[in-house]
Amino acid sequence: MTRLIFLGPPGAGKGTQAKALAAHWQIPHISTGDILRQALLEQTPLGIKAQSYMDKGELVPDHLVQQMVEERLTQPDTEQGWILDGFPRTVQQAAFLETLLQKLEHQGEKVVNLDVPDEVVVGRLLERGRQDDTEEVIRRRLEVYRSETAPLIDYYIGKQKLLVINGNQSLEEVTVEINRAIAHRESAV
Ligand code: AMP
């Protein structure tokens, strides 16, 4: 049973890794950014509310994202495992998730922190060219990451759930390192 949370700055390769591993393990890849972008495209009430935050590189308010994740994690396809990509991004979201997972009896989740130097991240984001990848928005997303999301590293170290992975290597090497870290953790438990 694999339940993984991907942490790491924007541009660390969370989406790419999460997608590949989810396909390999045949479990859902739950990206809050993807869900929000889809909602925006369809101009649903959630998408309309989220748009101004996303355009500026700010976080969408916790309660909106939390409700979205709760709805997604209560779908039956999550019973065989899941990968969360881009959630939680604040300590409040992490506390919410912990309570939700207890309620759903989803245990044993691990947190993958993809560690990538700042200059590599900015270069990758500029190359990616997504709508919210302008230099100003990228700079803001990194600031928000540092102030709101980076504290989750210590939060999950405290809970002994954190696996630190060097994200500054090829896609294949990162995948191998993640697999190795998970296998190592499972044999240690
Ligand atoms: P991402 O694709 O993960 O980079 O997310 C794109 C944008 O969606 C972010 O810059 C935020 O505006 C919003 N977003 C995604 N996940 C969250 C979250 N967990 N909390 C708040 N906002 C989020």
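This text gives an overview of the structure that appears in the document. Everything quoted here is computed from the prediction, not taken from an experiment.

Below, the discussion takes up the overall build of the protein. If you tally the helices and strands in the protein, you get 9 helices and 5 strands. Counting helices and strands in the order they occur from the N terminus, the protein gives β-α-β-α-α-α-β-α-β-α-α-α-β-α. By the compact-globule yardstick of 16 Å for 189 residues, the protein fits well, its C-alpha radius of gyration being 16 Å. Among the 189 residues that make up the protein, the fraction classed as buried is 44%. Counting only carbon and sulfur atoms, one obtains 50% of the accessible surface of the protein, whose full area is about 9900 Å². Taking the average location of the 21 positive side-chain charges in the protein and that of its 28 negative ones, the two points are 1 Å from each other.

Moving on to the site of the ligand. If you check the shell around the ligand, you find 15 residues, and the closest are Thr-32, Arg-37, Glu-58, Gly-86 and Gln-93. A distance of 2.6 Å separates an oxygen atom of the ligand from a polar backbone atom of Glu-58. The contact in question runs from a nitrogen atom of the ligand to an N or O atom on the side chain of Gln-93, over 3.0 Å. Protein contact buries 96% of the 480 Å² of open area that the ligand shows by itself.

Inspection of the entire model under this criterion finds 13 salt bridges. Residues Lys-161 and Glu-109 are paired through a salt bridge, measuring 2.9 Å at the closest nitrogen-oxygen approach. On the criterion of sequence distance, the pair formed by Lys-161 in the loop between helix H8 (151-158) and strand E5 (162-166) and Glu-109 in the loop between helix H5 (91-104) and strand E4 (110-115) is long-range, its members being 52 residues apart. The class of Lys-161 is buried, set by a relative accessible area of 18%.

Glancing now at the pairing of E4. Successive side chains on a regular strand alternate, one facing one side of the sheet and the next facing the other. By the criterion of burial, E4 is predominantly enclosed, with 5 of the 6 residues buried. Relative to E4, strand E1 (residues 2-7) is paired through 4 bridges, and the arrangement is parallel. Residue Phe-6 lies in a different strand from E4, and its bridge partner there is Val-112.

An order of E2-E3-E1-E4-E5 is seen for the 5 strands of this open sheet, with the pairing classed as parallel. The outermost strands of the open sheet, each flanked by one partner alone, are strand E2 (29-31) and E5. Sheet twist, expressed as the mean angle between neighbouring strand axes with direction ignored, is 25 degrees. Strands in contact with H8 are E1, E4 and E5; relative to E1, the strand with the most contacts, it is inclined by about 145 degrees.

By the element assignment, Gly-11 lies in the loop between E1 and helix H1 (14-25). Residues in contact with Gly-11, not counting those within four places in the same chain, are Val-121, Arg-124 and Leu-125.

Helices that pack against each other are described as a pair by the angle of their axes relative to one another and the distance between those axes. Direction vectors running N to C along helix H2 (residues 32-41) and helix H4 (residues 62-73) enclose 100 degrees, while the axes themselves pass 11 Å from each other. Classed by the angle they form, the pair H2 and H4 counts as roughly perpendicular. On H4, the residues touching Thr-32, Ile-35 and Leu-36 of H2 are Val-65, Met-68 and Val-69. Considering only residue class, the contact of H2 with H4 consists of 5 nonpolar, 1 polar and no charged.

Residues Thr-32, Gly-33, Leu-36, Ala-39 and Leu-40 constitute the buried set of H2. For H2, the angular spread of buried residues about the axis comes to 125 degrees, placing them on one side. Just past H2, the residue Gln-43 takes up positive phi, approximately 50 degrees.

What follows is about the nonpolar core. Ranked by internal contacts, the top residues of the largest apolar core, which has 25 residues, are Ile-5, Val-60, Leu-73, Trp-82, Leu-84, Leu-97 and Tyr-156. Counting residues per element, the ones that place at least two in this core are E1, H2, helix H3 (45-56), H4, strand E3 (81-85), H5 and H8. For Val-60, the residues in contact, after removing those within four places along its chain, are Leu-36, Ala-50, Tyr-53, Met-54 and Val-65. By size, the runner-up hydrophobic cluster in this structure holds 21 residues, among which are Ala-18, Val-112, Ile-138 and Ile-182.

Rules of the game
- Residues numbered from 1 in each chain as written.
- Predicted model: local features only at pLDDT ≥ 70, side-chain atom pairs only at ≥ 80, totals over all residues.
- Heavy atoms only, no water.
- Helix = DSSP H or I, 4+ residues; strand = E, 2+ residues; numbered from the N terminus.
- Rg over C-alpha atoms; globule rule 2.2 N^0.38 Å.
- Buried < 20%, exposed > 50% of the residue type's maximum accessible area, 1.4 Å probe, protein only.
- Areas by Shrake-Rupley, 256 points an atom, 1.4 Å probe, with all protein chains shown as cover.
- Lys, Arg positive; Asp, Glu negative; His and termini not counted.
- Charge placed at Lys NZ, Arg CZ, Asp CG, Glu CD.
- Near = heavy atom within 4 Å.
- Polar contact = N/O pair within 3.5 Å; in protein donor to acceptor, adjacent residues only side chain to side chain.
- Salt bridge = Lys/Arg side-chain N within 4 Å of Asp/Glu carboxyl O.
- Pairing = 2+ DSSP bridges.
- Axes fitted to C-alpha atoms, helices over the stretch in contact; angles between N-to-C directions.
- Contact = heavy atoms within 4.5 Å.
- Parallel < 35°, antiparallel > 145°, perpendicular 65-115°, else oblique.
- Nonpolar A, V, L, I, M, F, W, Y, C, P; charged D, E, K, R; others polar.
- Arc of directions from axis to C-beta.
- Core = buried A, V, L, I, M, F, W, Y, C linked by side-chain atoms within 4.5 Å.

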